[in-house]
Amino acid sequence: MCGIVGYVGPKQAVPLLMEGLKRLEYRGYDSAGVAVVVDGRLVVHKAAGKIAMLEVQLGRLPLKGTTGIAHTRWATHGAPTTRNAHPHTDCGDMVAVVHNGIIENSTALRTMLRERGHRFVSETDTEVIAHLVEQFYTGSIEDAVGAALRELEGAYGIAVISAREPGTIVAARKGSPLLVGVGDGENFVASDASAVLAHTRSVVYLDEGELAVVRSTGYQLRDRHATPLTKEISQIDWDLATIERGGYAHFMLKEICEQPESLRNTLRGRLLEEEGTARLGGLNLTEEQLARIDRIVITACGTSWHAAMVGEYMLEEVARLPVEVEYASEFRYRNPIVDDRTLVIVISQSGETADTLAALREAKGRGARTIGIVNQVGSTIAREVDGGIFLHAGPEIGVASTKAFTSQIGALALFTLKLGRLRALSILQGREIVGALRRLPEQLEAVLAKKAEIEALAERYVRVSNVLYLGRGYNFPVALEGALKLKEISYIHAEGYPAAEMKHGPIALIDELMPVIFIAPKDGVHAKIPTNIEEVRARGGRVIAVVTEGDTTITPLVDHVITIPETMDMLTPILTSVPLQLLAYYVAVRRGCNVDQPRNLAKSVTVE
Ligand code: G6P
């Protein structure tokens, strides 16, 4: 949600900033802007729309300057117009600010600043920061930013430059991610490492309340009490090739096709064949602590919430522990009942989702033990949980989550296996799960081999307006996820339901124009599905089914089948979700949609 990049060093800043912005475009893409210090003056360019629009503008007016900041926006306050695009400046055009987050008291600050003579030109909350810095400036940009921050309520990751102090960027964070990229004779600030990876792998993640003063010769950090601080430099262990499209038409397709590898990486080194269990070194929980847990709450948003639901089914069935799944946005305001015997699991691909982070803090505040299932190493959630399981799925750039989802289920299966073995599972049962997990990456390859078949199927459904996804048991969350994928990227209305619930409402919608997708692999509830299919057929509905290879009960009843290899019930979602990802992808591409950057969405939602 909004991308920030800044550069200070000997090189021309604009090409570096534009390159960084493009890597951040997945975070927000409704407008973009750049500010550079040129001969002691600030020059700002902004454009509504994609970064390419800004590029066209800059192509006409090449800018020279070696200190600059840039921003790609996902609008919260004010429409995505050029005027509302960042950077925002003060009345004297001496200070430029880019910001990710929401300033909650911006209306009050705006009124106060107006009374002191400041003139506002945008509708954004961010502009108040530029005017506050102007108000407090008495000779040091660092001190003026520090004073301005004391007035702000809400969340921010900001980068500020001033025409009076060329060669300096002041960056600060509270609630929104920010890091310093440490180079050789040059330094960067960025909201995420992908923006600086082409130039350095060394980064310093800012924590809550911290401020950085960044110059070409080095950087200084201070904490929320303005006390100087030194922090460890982290090394990014993925490279540029991992975040480039590598010949695929879209990041989403690349990431769908990467799933055998991403799942392999999630499982690598964690399966203990002989003992029939999992090795999870990062949990930071002793076996005694695990045994003391009497209840689990899993909290997340979006696709991660669907993975959480699969986790609930697995943990209850296999580890025999009561589990509740809560939307993070609900959990944080519900006065939740958790105590020191409750384990709260937070699931987040980005590790930055504002609601999930707030839910985590709420749980910790109530004494719960917390673990995170997170993809982004170094993210805020990853740093604040007591322990966790990293997905190691590699960067996910496509806004619609795909490989993170299957890896999240893989990680939940590992945790279920570990906890199950401590509580209810025999070594033989444990070994069976280990074996099934080990086979999954290859089975995913078999599903992906059906790409062309699914593409042809998608062709027939390009013009529909509504689709219903139905599943039972472990595949009910897959129905929800399949529907979410389709609506996110193709803008076709889709809903997921437990198959048997259909008759309590959605059945009223079914006619020959509304296809129904049944997710019905061979599992404990398979025998219940044919009746549900007959109910749809009796109303003229067209049916697609995802079934297990060799299925003979459902195949004769439906218009199209997509088969998956056989696996254990609890692992079927990893295989059944992939054809639904491909179907959504091909339908959206055929409809001419921008699948990697669907309208109104953002990859990482760092606002409430
Ligand atoms: C956004 C993304 C979704 C994602 C959700 C949760 O809405 O568009 O794809 O599932 O955030 O993100 P997280 O990073 O916490 O998993």
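Residues numbered from 1 in each chain as written. Predicted model: local features only at pLDDT ≥ 70, side-chain atom pairs only at ≥ 80, totals over all residues. Heavy atoms only, no water.

Enquirer: Summarise the overall build of the chain; cite the residues concerned and give the values.
Expert: Across its full length, the chain carries 18 helices and 27 strands. Computed over C-alpha atoms, the radius of gyration of the chain comes to 25 Å, within 12% of the 25 Å expected from 2.2 N^0.38 for 608 residues, which places it in the range of a compact globule. Taking the principal axes of its C-alpha atoms as reference, the chain extends roughly 75 × 55 × 40 Å. Counting over 608 residues, the chain shows a buried share of 62%. (Helix = DSSP H or I, 4+ residues; strand = E, 2+ residues; numbered from the N terminus. Rg over C-alpha atoms; globule rule 2.2 N^0.38 Å. Buried < 20%, exposed > 50% of the residue type's maximum accessible area, 1.4 Å probe, protein only.)

Enquirer: An account of unusual backbone geometry is needed here, citing residue identities and associated values.
Expert: Following His86, the chain continues to Pro87 via a peptide bond in cis, the omega torsion being 0°. Tracing the backbone through its elements, the reader meets Pro87 in the loop between β4 (67–73) and β5 (88–89). Not every positive phi belongs to a glycine, and Asp39 is a case in point at roughly 50°. Positionally, Asp39 belongs in the loop between β2 (31–38) and β3 (41–48). Notably, Arg320 is not glycine yet its phi reads approximately 55°, a positive angle.

Enquirer: So what about the site of the ligand? Which residues, and what values?
Expert: Contacts to the ligand come from 13 residues, most closely from Ser304, Ser348, Gln349, Ser350 and Thr353. Between the ligand and the protein, one listed contact pairs an oxygen atom with a side-chain N or O atom of Ser304 at 2.6 Å. The contact in question runs from an oxygen atom of the ligand to an N or O atom on the backbone of Val399, over 3.2 Å. A total of 390 Å² of accessible area belongs to the ligand in isolation, and the protein chains cover 90% of it. Placement of the ligand is best described as lying within the largest pocket. With three residues, helix α9 (residues 302–319) is the largest single contributor of residues to the shell around the ligand. (Near = heavy atom within 4 Å. Polar contact = N/O pair within 3.5 Å; in protein donor to acceptor, adjacent residues only side chain to side chain. Areas by Shrake-Rupley, 256 points an atom, 1.4 Å probe, with all protein chains shown as cover. 1 Å grid on protein atoms, 1.4 Å probe; cavity = no way out; pocket = protein on both sides within 12 Å on 5 of 7 lines; lining within 4 Å. Sits in = over half its atoms within 2 Å of the grid points.)

Enquirer: Describe the side chain of Glu165, and please don't skip the residues or the numbers.
Expert: Secondary-structure assignment places Glu165 in the loop between β7 (156–162) and β8 (169–174). Here Tyr137 takes part through its side chain, which lies 3.1 Å from a polar atom of the side chain of Glu165. Within polar-contact distance, the side chain of Glu165 engages the backbone nitrogen of Ile141 at 2.7 Å. Beyond its immediate sequence surroundings of up to four residues, Glu165 is in contact with Tyr137, Gly139, Ser140 and Ile141. (Contact = heavy atoms within 4.5 Å.)

Enquirer: Go over the packing of aromatic side chains, please, and point to the residues and values.
Expert: Scanning the model with the defined rule gives four aromatic pairs in all. Between Trp305 and Tyr327, the ring centres sit 3.9 Å apart and the planes meet at 10°, which makes this aromatic pair stacked. You can see Trp305 sitting in helix α9 and its partner Tyr327 sitting in strand β19 (residues 323–327), a full 22 residues away along the chain. For Trp305, a relative accessible area of 12% translates into the label buried. Over the face of the ring belonging to Tyr491 we find Arg599, whose NZ or CZ atom lies 3.8 Å from the ring centre. (Phe/Tyr/Trp six-rings, centres within 6.5 Å; stacked < 30°, edge-to-face > 60°. Lys NZ or Arg CZ within 6 Å of the ring centre and 35° of its normal.)

Enquirer: Give a description of the sheet that holds β19 that names residues and reports values.
Expert: Reading across the sheet, the five strands line up as β19-β18-β20-β21-β22 and stay open at both edges, with parallel pairing between neighbours. Each of the sheet's edge strands pairs with one partner strand only, and the pair in question is β19 and β22 (387–390). The average angle at which neighbouring strand axes cross in this sheet is 20°, direction not considered. Pairing between strand β20 (residues 342–348) and strand β21 (residues 369–374): six bridges, direction parallel. Paired with Ile345 across the two strands is Ile371, which belongs to β21. Lying on the sheet, α9 is in contact with β18 (295–300), β19 and β20; it crosses β19 at an angle near 170°. Seen against the sheet, helix α11 (residues 354–365) touches β18, β20 and β21 and runs at an angle of roughly 165° to β20. (Pairing = 2+ DSSP bridges. Axes fitted to C-alpha atoms, helices over the stretch in contact; angles between N-to-C directions.)

Enquirer: Could you give me a rundown of helix α18 (residues 572–590), with the residues and numbers involved?
Expert: A rise of 1.5 Å per residue sets the reference length of α18, with its 19 residues, at 27 Å; its end C-alpha atoms lie 28 Å apart and thus fit the reference within 8%. In terms of burial, α18 is a largely internal element, 17 of the 19 residues being buried. Directly after α18, the chain includes Gly592, whose backbone phi takes a positive value near 80°. (Expected span 1.5 Å × (residues − 1).)

Enquirer: Just give me the short version of helix α14 (residues 427–448), but keep the residues and values in it.
Expert: Helix length check: α14 (22 residues) gives 32 Å between terminal C-alpha atoms against 32 Å at 1.5 Å per residue, within 8%. The largest bend along α14 measures about 40° and falls at Leu440, with the proline Pro441 one to four residues further on. Among the residues of α14, Gly430, Ile433, Val434, Gly435, Ala436, Leu437, Leu440, Pro441, Gln443, Leu444, Val447 and Leu448 are the ones counted as buried. (Bend = angle between axes of the 7 residues up to and from the residue.)

Enquirer: Talk me through the pairing of β2; I want residue IDs and the actual numbers.
Expert: The side chains of a regular strand alternate between both faces of the sheet. Counting buried positions along β2 yields eight of eight residues, so the element is predominantly enclosed. Of the two faces of β2, the one carrying Ser31, Gly33, Ala35 and Val37 and the one carrying Ala32, Val34, Val36 and Val38 are both buried. Here eight bridges tie β2 to β3, and the two strands are oriented antiparallel to one another. What sits directly across from Val36, in β3, is Val43. Hairpin connection, β2 to β3: the antiparallel pair is bridged by two residues, and Asp39 has positive phi, about 50°.

Enquirer: Lay out the layout of surface pockets in plain terms, naming residues and giving numbers.
Expert: Roughly 510 Å³ of volume is contained in the largest pocket. If you trace the largest pocket, you find 25 residues lining it, with Gly302, Thr303, Ala602, Lys603 and Val605 closest to the centre. Counted by class, the lining of the largest pocket contains eight nonpolar, eleven polar and six charged residues. Of the volumes computed, that of the second largest pocket is approximately 360 Å³. In terms of lining, the second largest pocket is formed by 28 residues, of which the most central are Ala193, Tyr205, Gln376, Val377 and Ser379. Put simply, the parts of the chain that give the lining of the second largest pocket at least two residues each are β15 (234–235) and α12 (380–384). Here the residues of the lining of the second largest pocket sort into ten nonpolar, ten polar and eight charged. (Points joined across faces, edges and corners; volume = space filled by probe spheres on them. Nonpolar A, V, L, I, M, F, W, Y, C, P; charged D, E, K, R; others polar.)

Enquirer: Which residues make up the sheet that holds β15, and what are the values?
Expert: Spatially, eight strands are ordered β3-β2-β4-β1-β10-β9-β11-β15 in an open sheet, and the strand pairing comes out antiparallel. Sheet topology places β3 and β15 at the edges, where each strand pairs with a single neighbour. Contacts from helix α2 (residues 51–60) reach β2, β3 and β4, with the element oriented near 135° to β3.

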